[in-house]
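Here is what each chain is made of, one letter per residue.
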Amino acid sequence: MTPLAILVAALVVVVGGVLAFRLHPFLILIAAAFVVAALTPVDAARPVGPGQRVAEGFGKTALDIGIVIAMASILGSCLSAAGGDRRIVAAIQRCVGERHTPLALLLAGFVLGIPMFAETVFYLLLPLARAAWERTGRGYLVCVLAIVAGATMTHSLVPPTPGPLFVADALGVDIATMSGVGLVVGIIAAFGGYAYARWADGRWPLEPARSAAATRASATAAGSGPPLWAALLPILLPLVLISLESLSRSTADAIPASALAAVRILGDKNVALSLAALVSIVLLAACGAGMPAVRGSIAEAVTEAGNIILVIAAGGALGVTLREAGLGQVSTGLAAAAGLGLIPLAWLLTAVIRMAQGSATVAMITAAGVMAPILLDGTPAVHPVYVAIAIGCGSKVGMWMNDSGFWVISRMSGMSEVQTLRTASVMVAVEGTIGLIATLCLAVAWPLR
């Protein structure tokens, strides 16, 4: 083990985070991986140089998550272009009533945060918060915060968004389990954030500032979209297929061989997300979009996915080099000795990294790289899914000016930096803390052993 390698790698990540506006996260993570690999002695049984070790870790991570992230990005892009997201929002509004628009925005953000990136959800739903204020003259802040409260939790806890997908893969948690526990903890934390949002709205009422960006978003939000069942199909299809595949493992003897083979094929995460992406493309075409519009939505999604895959694969390379450096051997006894303490440890580690470098996803990737050897090489007394969920909750703590999401919320909603810090930043920290408590309670009541 080379403690110097770990220390220098940590400095690379932190210093790179401070320079986040000048350095891309990919460069930060890949540089840290090269540092660890270069300072780790070569294993005589496997004489592989630093460059090849980093490349192998990068390639393995891309192999595990590349197709899923690309297909999830296409799904979200085509669903939004078809107007399916707006149909879901309208349906939720009808269910809870116009008087409860903030609650509708919370639930809409929570649902749309599964297939779409959190910032995209915020762009989409913000015009509804503005429209609600124009009708009533109150409640603008609680509507804005409700969007953030819902979208931010599924963004960090429920695959196939990149952060939870990577963490689940790194810690050996199947997607069905990660999704189920993530949804339970996420809804508890989201309602905790919603309670804070209502309190903050009464203490610091806010009026929107009309901007060109908001006007464009309002125009984008117009339109009816496809039927509700069609809008929900791309979201529910992969969750159902993957869950059935996971269930088939414990009920294989009761399922005919031909049906079991079909479930295993269709329930593979790559196949399930590819089918969902195909459904979203067909949905977009069925809504009247021409081939140029369909091609444009796919191209935009693939470009965005490529950027994310590079960052996550670099984080995977860092995790692999940390493990080869001997981090797992150093912490062999920690997994068994810490017990439930691994959950707050993972949460705190992620929170510190998030505060240092700004990105919730990068914080989750880095924390998973550190925690994976502890869980995989040791004998943890807690199921890895709870550590994975704790990492997601920890990534909610510490949203401030070095985070691009902070500026999206601030500028789009019309809040100053101070207003954003005392409302949105505090709210997501509250959500992360409530999520940690809920995770600990679940780990005790439902150990999954």
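Throughout this description, residue numbers start from 1 for each chain and increase along the sequence as written. Predicted model: local features are reported for residues with pLDDT of at least 70 only, side-chain atom pairs are reported and counted for 80 or more only, and whole-chain, interface and lining totals are derived from all residues. Side-chain measures were taken over the full set of non-hydrogen atoms in the model, leaving aside hydrogen atoms and water.

A.B. asks: Go over a nonpolar patch on the surface, please, and point to the residues and values.
C.D. replies: In this analysis, a patch consists of residues with relative accessible area above 30% that form no salt bridge, clustered at 9 Å for like charges and at 5 Å for the nonpolar side chains Val, Leu, Ile, Met, Phe, Trp and Tyr. Note that accessible areas follow from Shrake-Rupley with a 1.4 Å probe, and for residues the cover is restricted to the protein chains shown. Every case where a carboxyl oxygen of Asp or Glu lies within 4 Å of a side-chain nitrogen of Lys or Arg is listed as a salt bridge. On the surface, Leu 236, Val 240, Leu 244 and Leu 247 cluster together into a nonpolar patch covering about 350 Å² of accessible area. Strands here mean DSSP runs of E at least two residues long; helices mean DSSP runs of H or I at least four residues long; both are numbered from the N terminus. When you line up the elements, Leu 236 lands in helix H11 (residues 228–250). Leu 236 sits in the partly exposed class, given a relative accessible area of 44%. Exposed residues in this analysis have more than 50% of their type's maximum accessible area, buried residues have under 20%, and partly exposed residues fall in between, with area computed by a 1.4 Å probe over protein chains only.

A.B. asks: Please set out the pattern of salt bridges residue by residue, giving values where relevant.
C.D. replies: The full count for this structure, using the stated rule, is three salt bridges. With a closest N to O distance of 3.1 Å, Asp 64 and Lys 60 form a salt bridge. Highlighted residues: Asp 64 and Lys 60, both in helix H3 (residues 50–82), separated by four residues, approximately one helical turn. Of the charged contacts in the structure, one is a salt bridge between Lys 269 and Asp 169, with a shortest N-O distance of 3.6 Å. Taken as a pair, Lys 269 in helix H13 (residues 269–286) and Asp 169 in helix H8 (residues 162–170) lie far apart in primary sequence, 100 residues in all.

A.B. asks: Summarise the packing of aromatic side chains; cite the residues concerned and give the values.
C.D. replies: Each Phe, Tyr or Trp ring, with Trp reduced to its six-membered ring, pairs with another whose centre is within 6.5 Å; inter-plane angles below 30 degrees give stacked pairs, above 60 give edge-to-face pairs, and intermediate values give tilted ones. Tallying each qualifying case throughout the model produces five aromatic pairs. Centre to centre, the rings of Phe 26 and Phe 58 are 6.4 Å apart; their planes meet at 80°, and the pair counts as edge-to-face. Taken as a pair, Phe 26 in helix H2 (residues 25–39) and Phe 58 in helix H3 lie far apart in primary sequence, 32 residues in all. On the basis of relative accessibility, which here comes to 23%, the residue Phe 26 falls in the partly exposed class. The class for Phe 58 is partly exposed, based on a relative accessible area of 24%. Judged by centre distance (5.6 Å) and plane angle (40°), the ring pair of Tyr 196 and Trp 199 falls under tilted. Taken as a pair, Tyr 196 and Trp 199 lie in helix H9 (residues 175–203) at a separation of three residues, close to a single helical turn. For Trp 199, a relative accessible area of 46% corresponds to the partly exposed category. Three or more aromatic residues joined by ring pairs make a cluster, and in this case those are Tyr 196, Trp 199 and Trp 204.

A.B. asks: Can you lay out unusual backbone geometry for me, pointing to particular residues and giving the numbers?
C.D. replies: In this structure, Pro 160 follows Pro 159 across a cis peptide bond, with omega equal to 20°. Tracing the backbone shows Pro 160 in the loop between helix H7 (140–157) and H8.

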